[in-house]
Amino acid sequence: MTKPQPEVTPNTWSFLRDAMIKPTGFREYDARWKYPEEINLPGMTALGLGLGTQMRKRGIAPVIAVGNDYRDYSLAIKNALILGLMQAGIQVKDIGPALSPMAYFAQFHLDVPAVAMVTASHNPNGWTGVKMGFDRPLTHGPDEMGELRDIVLNGEGQPAPGGSYEFVDGVKEAYLDDLVGDFKMSRPLKVVCATGNGTASAFAPELFTRMGVEVVESHNELDYTFPHYNPNPEAMEMLHDMSASVKASGADLALGFDGDGDRCGVVDDEGEEIFADKVGVIMARDLSKLYPNSTFVADVKSTGLFASDPELKKNGVTADYWKTGHSHMKRRVKEIGALAGFEKSGHYFLAEPVGRGYDCGMRVAVEVCKMLDRNPDQSMSDLRKALPKTWSTPTMSPYCADTEKYSVLERLVQKLVAKHEAGEQLAGRAIKEVVTVNGARVILDNGSWGLVRASSNTPNLVVVCESSESEAEMRAIFADIDAVIRTEPLVGDYDQTI
């Protein structure tokens, strides 16, 4: 196999023949490119050949489940990927259009070792990518992605005999059965189902109806032009729309799903958005009553309440703060036998006996409905108000080029650690510790904190701050963290700020 080129001019003979792959598309735990600017169809075939070669290299049985999200170009990209996999001697089980968690489910349902899901996740149209994994319920982490990148970019893909193709029907139905079982709500529940016209439109309304939930439809027609907004329950545009729907319909809550259905966002009956990490604490409170002394993993962007909440302490909960990213979190949950992992972005990993350990927005929706069923005298806003009050920023992302962000971050971590070691204050308080498992989480003596890390899939840094005291302290933490960030001239403007 010849090496893919980093650039090939569009509308040329070469563009239709030669593989083009921009190296920066290989991220920490999945692959993402702008299509067709950064990868072409022959490039996707080269990726498939590389992925199949990686399976053989690792001694994995040569069988893979493959799906695609609902975008107008995803099928062409999936077919190009499948061609490469078959070239590498892999037996392909094509499950058709799917959510990412449906593809992960297919590994269990079809009893196959590997998965490749063609999706741009919540990225806007014009993006594509692949989420893949060999060891269910896990997906590729930095080591596997690094190995795959080298195989593909160095032209080390090896053709092999034995490749085959089979379209497998019925996985969607089996997935919905697995999610709902025979559960039926015993209290009336009215839910705004927000899918932003994305792939989840083909799943979520049916899921709620099966549980006996009254559905208020919100952009539930499949439409890959995304005429209203890009489906991403972390974006204010979608959350404001969900909130307006709750207020207009008198619904009990709104549940919103991202483009590939592995994340879920929650707006309560008062139209208040509940950040995903706080929803995690609410769920952890409920689950730890059923399963006392559980361990919960939270990513470093999440609220400090997993460690400090009196209710969780009373139920014997152990909190483990870990690296942000669906691959890191899934692996950590499995490694330490946690009941669940919660990520501020809305990726939740509910392990046995609740779920199967992978991130699934539909599973979260089912468990939120079950939680409300177990607490029939409480509304979602009651559960929110029962949490200790904290003040937190949204996720804020200042620009920093992909080629620069990790070295910039390294210097920022050193500067923040030095502040701690010199006994300097942040926001007028003593620094208790700086956790450097993923960027720097600067924890103050009252449990308030500020975080800076590098984004895994966009050219940005990521900043989040939380105060257990006041909005003023939250703003002071951000101001002091930002002052350190501004010592680095390669960091640009924020996408949003407080």
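Every residue gets a number counted from 1 within its own chain, in the order that chain's sequence is written. In keeping with the predicted nature of the model, local features appear solely for residues at pLDDT of at least 70, side-chain atom pairs appear and are counted solely at 80 or more, and the whole-chain, interface and lining totals rest on all residues. The basis for every side-chain value is the complete set of heavy atoms in the structure, and neither hydrogens nor water enter the calculation.

Here the focus is the pairing of strand β18 (residues 429-435). Each regular strand displays side chains that alternate between the two surfaces of the sheet. With two bridges connecting them, strand β17 (residues 425-426) and β18 associate as antiparallel partners. If you follow L426 over to β18, its bridge partner there is R429. Strands are labelled as partners when DSSP assigns at least two bridges between them. Elements are defined by DSSP. Helices are runs of H or I of four residues or more, strands are runs of E of two residues or more, and each kind is numbered from the N terminus. Adjacent in sequence and paired antiparallel, β17 and β18 are bridged by two residues, among which A427 carries a positive phi angle near 55°. Sheet analysis places β18 next to strand β19 (residues 440-444), joined by four bridges and oriented antiparallel. Bridge pairing links V435 to R441 in β19.

Sheet strands associate in pairs through backbone hydrogen bonding, adopting either a parallel or an antiparallel arrangement. Taken together, six strands build an open sheet; the order of strands is β16-β21-β20-β19-β18-β17 and the sheet is antiparallel. The sheet is open, and its two borders are formed by β16 (391-392) and β17, each paired with just one other strand. In this sheet, strand β21 (residues 461-467) lies alongside β16 in antiparallel orientation, the contact comprising two bridges. Looking at the pairing, S392 lines up with E466 of β21.

Moving on to the side chain of D94. Topologically, D94 is positioned in strand β3 (residues 91-97). A residue is classified by how much of its surface remains accessible, and D94, at 2% relative accessible area, is buried. A polar atom in the side chain of D94 sits 2.6 Å from the side chain of K78. By definition, residues are in contact when any of their heavy atoms lie within 4.5 Å. Excluding residues that lie within four positions of it along the chain, D94 makes contacts with V66, K78, I82, Y165, E166, F167 and V168. Here the term buried applies to any residue with accessible area under 20% of the maximum for its type, exposed to any over 50%, and partly exposed to those in between, with areas from a 1.4 Å probe on protein chains only. What qualifies as a polar contact is a pair of N or O atoms within 3.5 Å, subject to a donor-acceptor requirement within protein and to the restriction that residues adjacent in sequence count only when both atoms come from side chains.

A few words on the packing of aromatic side chains. Whether two aromatic rings pair depends on their centres lying within 6.5 Å, for rings of Phe, Tyr and Trp, where Trp uses its six-membered ring; planes under 30 degrees apart make the pair stacked, over 60 edge-to-face, and the rest tilted. Inspection of the entire model under this criterion finds twelve aromatic pairs. Centre to centre, the rings of F108 and Y358 are 6.0 Å apart; their planes meet at 45°, and the pair counts as tilted. Here F108, found in helix α4 (residues 100-109), pairs with Y358, found in the loop between β15 (348-350) and α13 (361-374); they are 250 residues apart in sequence, far enough to count as distant. Since its relative accessible area comes to 24%, F108 is described here as partly exposed. Between F478 and Y494, the ring centres sit 5.5 Å apart and the planes meet at 75°, which makes this aromatic pair edge-to-face.

We now examine the nonpolar core. Among the buried residues, those of types Ala, Val, Leu, Ile, Met, Phe, Trp, Tyr and Cys that are joined through side-chain atoms within 4.5 Å form a nonpolar core. Core analysis: the largest hydrophobic core is formed by 70 residues, its most contacted members being F208, L255 and M362. By residue number, the principal contributor to this core is α13, which donates eight residues. Beyond its immediate chain neighbours, meaning those up to four positions away, F208 contacts V191, C193, V213, V215, L255, F257, A365 and C369. Within the second largest apolar cluster, 34 residues are counted, among which are M55, L81, V118 and M132.

This brings us to the UniProt feature "domain: Alpha-D-phosphohexomutase C-terminal" (unreviewed entry) in the chain. The feature "domain: Alpha-D-phosphohexomutase C-terminal" (unreviewed entry), as annotated in UniProt, sits at residues 430-483 in this numbering. The distance from the first to the last C-alpha atom of residues 430-483 is 17 Å, and the span holds 24% helix and 44% strand. UniProt positions are given in the numbering used here, feature names are shortened, and annotations may be inferred rather than shown by experiment.

What follows deals with α13. The periodicity of an α-helix, 3.6 residues per turn, causes residues three or four places apart in sequence to face the same way. For α13, with 14 residues, the first-to-last C-alpha span of 20 Å sits near the 20 Å given by 1.5 Å per residue. Of the positions making up α13, those classed as buried are G361, M362, R363, V364, A365, V366, E367, V368, C369, M371, L372 and D373. A helix's residues, less one, multiplied by 1.5 Å, set its expected span.

Turning our attention to the UniProt feature "domain: Alpha-D-phosphohexomutase alpha/beta/alpha" (unreviewed entry) in the chain. UniProt marks residues 25-154, 174-271 and 277-389 with the feature "domain: Alpha-D-phosphohexomutase alpha/beta/alpha" (unreviewed entry), using the numbering shown here. Secondary structure content for residues 277-389 is 48% helix and 14% strand, while the C-alpha to C-alpha distance between its ends is 13 Å.

A few words on the packing of helix α9 (residues 276-290) against α13. Each pair of packed helices gets described by two things: the angle between the helix axes and the distance between those axes. Axis lines are fitted to C-alpha atoms, over the contacting stretch for helices. Their N-to-C directions set the angle, which ranges from 0 to 180 degrees. Interhelical geometry of α9 versus α13 gives an angle of 65° and a closest axis separation of 11 Å. One way to sum up the angle between α9 and α13 is to call them roughly perpendicular. Here α9 and α13 pass one another in a crossing that is left-handed. Taken together, the residues of α13 that come into contact with α9 (itself represented by I282, M283, D286, L287 and L290) are V364, E367, V368, M371 and R374. All amino acids are sorted into three groups, where Ala, Val, Leu, Ile, Met, Phe, Trp, Tyr, Cys and Pro are nonpolar, Asp, Glu, Lys and Arg are charged, and the leftover types, Gly among them, are polar. Of the residues contributing to the contact of α9 with α13, the split by class is seven nonpolar, no polar and three charged. The scheme is simple: roughly parallel for angles under 35 degrees, roughly antiparallel for over 145, roughly perpendicular for 65 to 115, oblique for anything else. What makes a crossing left-handed is the near helix being turned counterclockwise from the far one by less than a right angle; a clockwise turn instead makes it right-handed.

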